[in-house]
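Next come the chains, spelled out residue by residue.
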Amino acid sequence: MKRGLLDVCVLAAIKDEDSYGYRIVKDLSPYVEISESTLYPILRRLESSQMLTVRTAEHNGRLRKYYHITDSGVERLKQFESEWKELMQIYEYVTREGGSHEQN
Amino acid sequence: MSKTEFIEQLRSALNGLSEEDLKKSVDYYEEMIDDRIEDGIPEEEAVSGLGSIEEIQNKILKEIPIANIVKEKIKPKRKLGGLEIALLVIGAPLWVPIVLSLIITGLSLYMSFWTIILSLYVTDFSLFLSGVFCIVAAFMQTNGFATGLFLSGIGVALTGVSVLLFFGFNQIVKGMFFLSKKFVLWLKKLFVGEKKSSAEATAV
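Residues numbered from 1 in each chain as written. Chains lettered and ligands numbered in written order. Predicted model: local features only at pLDDT ≥ 70, side-chain atom pairs only at ≥ 80, totals over all residues.

Description of the overall build of chain A
What chain A contains, in helices and strands, is 4 helices and 3 strands. Considering chain A as a whole, with its 104 residues, one finds that 19% of them fall into the buried category. In chain A, 49% of the contacts between residues at least 6 apart in sequence involve partners at least 24 apart. (Helix = DSSP H or I, 4+ residues; strand = E, 2+ residues; numbered from the N terminus. Buried ≥ 20, exposed ≤ 12 C-beta atoms within 10 Å, placed from the backbone. Contact = placed C-beta atoms within 7 Å.)

Structural data, given as structure tokens:
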């Protein structure tokens, strides 16, 4: 569960514009616990499953890799969204019942 | 640890991976350190914040299939000379069976792993089924009330045991997966990581 969740977070971090490793970690750190060494296998997995593509660009006289989301990556995010909409409905149902029970 | 030291240690920890895997991993960590330094983190801290070399090595190895690692190890590093090829051919009756038996051992380990899991659940399912059949038989039989009571008692007991065992088996399977992951990582580490570094150290 957690592993798949991190994959989705990484995709979400690059969905609006291409990003690079360090920035992805920084962008995600307020929301999930992710380190550079956790990110690395995720990026490679997403690359091999063709959810993102990698390009190398020069930055300050050195090379930096930028990650770009593909169509199937976008598809994966949409799938996540619909899965969670369902779950949230269940969550609301469950918590509402608990609340009314306490009031009695 | 400085960046150069870190990169050097990482490279030797990953020694044995394919050229491509090695370069990709080292490039990634180099980029991370550079970005951290550029962000204002001092070099020492930028390196230490990435975690220990062993942690990083474990994470990278977990993602690379063991077959790739073994293949990389077996592949000759340079072109073989005529004499070497001749020796390989002459030695074939010796090394081919050894390699074959290693492959077969690996395959049978893999198969027995899944067979154990399968047999656990088949056992459990058959217990459950016999329980259900006993209960059904208790109502279908014509030997009287006592037999019916006996059969349904056994049926309920069997079904109960099968449910309990199901949870027990789940734990066993979980443990098996945990141990097999550790075992595979250990196997991978036999092939990856600098072994000659100690020799180099004594040479220095």
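Some words on the interface of chain A and chain B
Where interface size is given, it is often the accessible area lost as the parts come together that is meant. On the side of chain B, 15 residues touch chain A, which itself brings 13 residues to the contact. Going through the elements one at a time, α2 (21-28), α3 (36-48) and β3 (62-69) of chain A are the ones with two or more residues in the side of chain A that touches chain B. Here the element with the most residues in the side of chain A that touches chain B is α3 of chain A; it accounts for 6 residues. For the side of chain A that touches chain B, the residue count by class is 3 nonpolar, 4 polar and 6 charged. (Nonpolar A, V, L, I, M, F, W, Y, C, P; charged D, E, K, R; others polar.)

Focus: unusual backbone geometry
Excluding glycine, a negative phi dihedral is what most residues carry, and trans is how most peptide bonds are arranged. All names here are of chain A. In this structure, Gln-50 is a non-glycine residue whose phi angle is positive, near 60 degrees. Assignment of secondary structure puts Gln-50 in the loop between α3 and β2 (52-59). In the Ramachandran plot, Asn-60 falls in the positive-phi region, its phi being about 50 degrees despite a non-glycine side chain. With respect to the helices and strands, Asn-60 occurs in the loop between β2 and β3.

Points about the nonpolar core
One broad rule of soluble globular proteins: the nonpolar side chains tend to lie buried together. Ranked by internal contacts, the top residues of the largest apolar core, which has 32 residues, are Val-10, Leu-11 and Ile-14 of chain A. Within the residue set of this core, elements represented by two or more residues are α1 (2-13), α2, α3 and β3 of chain A together with α1 (3-13), α2 (19-38), α3 (43-48) and α4 (53-63) of chain B. In this structure Ile-14 of chain A touches Ser-19, Ile-24, Leu-52, Tyr-67, His-68 and Ile-69 of chain A, once residues within four positions along its chain are discounted. (Core = buried A, V, L, I, M, F, W, Y, C linked by C-beta atoms within 7 Å.)

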